[in-house]
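# Coordinate analysis (summary)
In case you want the letters, here they are:
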Amino acid sequence: MDEKGISKDRVFKLLGDYKKKDMTHRSGKILGSMCTCPHEVGVKAYSMFLESNLGDPGLFQGTKALEDEVISMLGQLLGKRDICGHIITGGTEANIMAMRAARNLRRIKNPQIIVPRSAHFSFKKAADLLCMDLKEAELDENFCMDINSVMELISDNTVAVVGVAGTTELGKIDPIEELSEICHDKNIFLHIDAAFGGFSIPFLNEIGYDFPNFDFSLPGVCSITIDPHKMGLAPIPTGGILFREGNYLDAMSIETPYLTEDRQSTIVGTRTGASTAATWALMKYLGREGYQKVAGRCMELTYLLAQKIEETGFHLITEPQLNIINFQDDELSVWEIADILEDKGWAVSISSYPQAVRIIIMPHIKREHIEAFVQDLKSINRN
Ligand SMILES: *Cc1c(COP(=O)(O)O)cnc(C)c1O
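First, a word on scope: everything that follows refers to the structure included in this document.

### Topic: the overall build of the protein
- When its secondary structure is counted, the protein shows 12 helices and 13 strands.
- For 383 residues, the compact-globule estimate of 2.2 N^0.38 gives 21 Å, and the protein sits close to it at 22 Å.
- A principal-axis box enclosing the C-alpha atoms of the protein has dimensions of 65 × 65 × 45 Å.
- Taking all 383 residues of the protein together, 56% fall into the buried category.
- Intrachain contacts of the protein at a sequence separation of at least 6 include 71% that bridge at least 24 residues.
- Taken as a whole, the protein presents about 18,100 Å² of accessible surface, with 49% of it coming from carbon and sulfur.
- Across the protein, the centroid of the 39 positively charged side chains sits 6 Å from that of the 53 negatively charged ones.

Structure representation (structure tokens):
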């Protein structure tokens, strides 16, 4: 840092130069990310609450009330109005909190968690941080968690089973009704990772889709991760962790000597209230109807692109269940396809299992972006 500061104009000019090197969702070129353009209403609400700290809620009682309302609205969306939870940084923190609650409730030696092979890598972080063993259940032919494999892995050391509603790589929904029955029977903590699917599956069901239950309406479900900063259109960082009952939060609460609340269950201390304000604003502004439109449009564009990809001669790995498409080619490797597309300005991603070019049709993707992308796909020369 220099002794003397520079002018404001100069600061923002320099920042602008850096920003030019970033991609932007607005361009429609980012096809491999679960993030999107934050909705303007969320951005305005976010900027209104920049100084609010939910780590010290006695000072920010308005924001605390907003958080309570958001949690209750999310609970209503997910099968149970009187739930507990927090708005936090994202799916990773939510999953770590859920695993921490499950571990603390049992406090046994050598705790283990069972996740599907398709689970997000945040569970590896959770297992490492919390000194737990992570067991991966196999997937069935549809790339969903295989129930037999789960049954084989369950032992006295199992403190939690995780099912995913909208896997990160393929957008698949695990058989959560079955998981709920098994875990309810055996009294095992069941966590549902709906970081991606939580803000679309309920709305899609309201407009005629037919996804099975995955939420608190199933008695075995103890906690749910749902990320407003993915399909919820909120600015980053905005995640949500929901628990069926307060005792799950109590199981990991720590005394907070100098703050306005006595105990705290979140991992971070100082915690922005801006994310909460943004989520509240968006849920109020868009309503269920607004989110139905967003989710429904993403699905329609997903079907459109999936069909065009097949017509162009590529192979879908699996029929899209949510707004994610994975494809391969007979001749070119997925890395070669991704490189060619990158040269044309597209940022796609590559799934690890199975290996495929991965495209997520987030709300910022428009029909014209898809048409331009298909043109470039067609131009790929596959001798
Ligand atoms: C994105 C995602 C996460 C991680 O969320 P972050 O907000 O990136 O921490 C966890 N689980 C699933 C299923 C996800 O798609």
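### A short note on the site of the ligand
- Around the ligand sit 15 residues in total, of which Gly91, Thr92, Asp193, His229 and Lys230 are the nearest.
- Interatomic distance of 2.6 Å between a side-chain N/O atom of Thr92 and an oxygen atom of the ligand.
- One nitrogen or oxygen atom from the side chain of Lys230 is found 2.9 Å from an oxygen atom belonging to the ligand.
- When the ligand sits alone it has 390 Å² of accessible area, and the protein chains cover 86% of it.
- With 3 residues, helix α4 (residues 91–106) is the largest single contributor of residues to the shell around the ligand.
- Of the residues contributing to the shell around the ligand, the split by class is 3 nonpolar, 9 polar and 3 charged.

### Points about the nonpolar core
- With 54 residues, the main nonpolar core has Val161, Ile176 and Ile192 as its most contacted residues.
- Elements supplying a minimum of two residues to this core: α3 (61–77), α6 (147–153), α7 (176–186), β5 (189–194), α8 (201–206), β6 (221–226) and α10 (274–311).
- No other element matches the 8 residues that α10 contributes to this core.
- Looking at this core, you find at least three residues from each of domain 1 (8–37 + 297–378) and domain 2 (40–284).
- With near-sequence residues (within four places) excluded, Ile176 lies in contact with Val164, Ala165, Ile192, Asn213, Phe214, Leu218 and Val221.

### Quick look at unusual backbone geometry
- The residue after Ile236, namely Pro237, is reached through a cis peptide bond having omega 0 degrees.
- Structurally, Pro237 can be placed in the loop between β6 and β7 (239–243).
- Backbone torsion omega between Tyr353 and Pro354 reads -10 degrees, so that peptide bond is classified as cis.
- Positionally, Pro354 belongs in the loop between β12 (349–352) and β13 (355–360).
- At Cys131, a residue that is not glycine, the phi angle is positive and equals roughly 55 degrees.
- The residue Cys131 is located in the loop between α5 (122–129) and β3 (133–137) in this model.
- For Cys131, a relative accessible area of 62% puts it in the exposed group.
- The residue Phe143 is not glycine, and still its phi comes out positive at about 65 degrees.
- Relative to the assigned elements, Phe143 resides in the loop between β3 and α6.

### What about α5?
- Within the sequence span of α5, burial applies to Ser122, Phe123, Ala126 and Ala127. One side of α5 holds all its buried residues, which, seen down the axis, span an arc of 140 degrees. Opposite its buried face, α5 presents the exposed residues Lys124, Asp128 and Leu129, each directed more than 90 degrees away.
- Those residues of α5 that are buried lie in contact with α4, β2 (112–116), β3, β4 (158–164) and β5.
- Just downstream of α5, Cys131 is the residue with a positive phi angle, here 55 degrees.

### Concerning a positive patch on the surface
- A surface patch of positive charge is lined by Lys19, Arg26, Arg297 and Lys366.
- The residue Arg297 is located in helix α10 in this model.
- By relative accessible area, Arg297 is classed as partly exposed at 36%.

### Here's the deal with the packing of aromatic side chains
- For the coordinates displayed, the defined rule picks out 8 aromatic pairs.
- The interplanar angle of 35 degrees and the centroid separation of 6.4 Å between the aromatic rings of Phe199 and Phe203 together place this pair among those described as tilted. Accessibility classification places Phe199 together with Phe203 in one group, the buried group.
- A centroid spacing of 5.2 Å and a plane angle of 15 degrees characterise the contact between Phe203 and Tyr291, whose relative ring orientation is stacked. Here Tyr291 lies in helix α10 and Phe203 lies in helix α8, a separation of 88 residues in the sequence.
- Classification of Phe203 by relative accessible area gives buried; the value is 2%.
- Three or more aromatic residues link up through ring pairs in this structure, and these residues are Phe189, Phe243 and Tyr248.
- Across the ring face of Tyr18, the terminal group of Lys21 is positioned such that the distance to the ring centre comes to 5.5 Å.

### Some thoughts on the side chain of Asp174
- Along the chain, the position of Asp174 falls in the loop between β4 and α7.
- Lacking a salt bridge, the buried Asp174 has Lys172 as its closest oppositely charged neighbour, with an N-O distance of 9.7 Å.
- A distance of 2.7 Å separates a polar atom in the side chain of Asp174 from the backbone nitrogen of Met145.
- When neighbours within four sequence positions are excluded, Asp174 is seen to be in contact with Pro116, Cys144, Met145, Gly163 and Val164.

Reading guide: rules and limits
- Residue positions are counted from 1 within each chain, in the order its sequence is given.
- pLDDT decides what is reported in this predicted model: residues at 70 or higher carry local features, side-chain atom pairs at 80 or more are listed and counted, and totals for whole chains, interfaces and linings draw on all residues regardless.
- The side-chain values count all of the structure's non-hydrogen atoms but skip hydrogen atoms and water molecules.
- Here a strand is any run of E in DSSP of at least two residues, a helix any run of H or I of at least four, and the numbering for each starts at the N terminus.
- Restricting the calculation to C-alpha atoms gives the radius of gyration, and the globule rule supplies 2.2 Å times the number of residues raised to the power 0.38.
- The buried label applies to any residue whose accessible area, calculated with a 1.4 Å probe on protein chains only, is under 20% of its type's maximum; exposed applies above 50%, and partly exposed to all values in between.
- Only heavy atoms enter the contact rule, under which two residues are in contact if any of them lie within 4.5 Å.
- Residue-level accessible areas treat just the shown protein chains as cover; the underlying method is Shrake-Rupley with a 1.4 Å probe.
- Two residue types count as positive, namely Lys and Arg, and two as negative, namely Asp and Glu; His and chain ends fall outside the count.
- Every charge is mapped onto a representative atom, which is NZ of Lys, CZ of Arg, CG of Asp or CD of Glu.
- In these notes, residues near a molecule or strand are those with any non-hydrogen atom within 4 Å of it.
- Here a polar contact is taken to be a pair of N or O atoms separated by no more than 3.5 Å, where protein atoms must pair a possible hydrogen donor with a possible acceptor and residues adjacent in sequence count only if both atoms sit in side chains.
- Residue type decides the class: Asp, Glu, Lys and Arg count as charged, Ala, Val, Leu, Ile, Met, Phe, Trp, Tyr, Cys and Pro as nonpolar, and the leftover types, Gly among them, as polar.
- Remark: nonpolar core denotes a set of buried residues (Ala, Val, Leu, Ile, Met, Phe, Trp, Tyr, Cys) joined through side-chain atoms within 4.5 Å.
- Each domain's limits were defined by an automated method or a database of domain assignments.
- Taken from the helix axis, the directions to the C-beta atoms give the arc we talk about.
- Candidate patch residues must exceed 30% relative accessible area and have no salt bridge, after which like charges are joined if within 9 Å and Val, Leu, Ile, Met, Phe, Trp or Tyr side chains if within 5 Å.
- Whenever Lys or Arg places a side-chain nitrogen within 4 Å of a carboxyl oxygen from Asp or Glu, that contact is recorded as a salt bridge.
- For this analysis, a ring pair means two rings from Phe, Tyr or Trp (six-membered ring only for Trp) whose centres lie within 6.5 Å, classed as stacked if their planes differ by under 30 degrees, edge-to-face if by over 60, and tilted for the remaining angles.
- Remark: a charge is flagged as sitting over a ring if the NZ atom of Lys or the CZ atom of Arg is within 6 Å of the ring centre and within 35 degrees of the ring normal.

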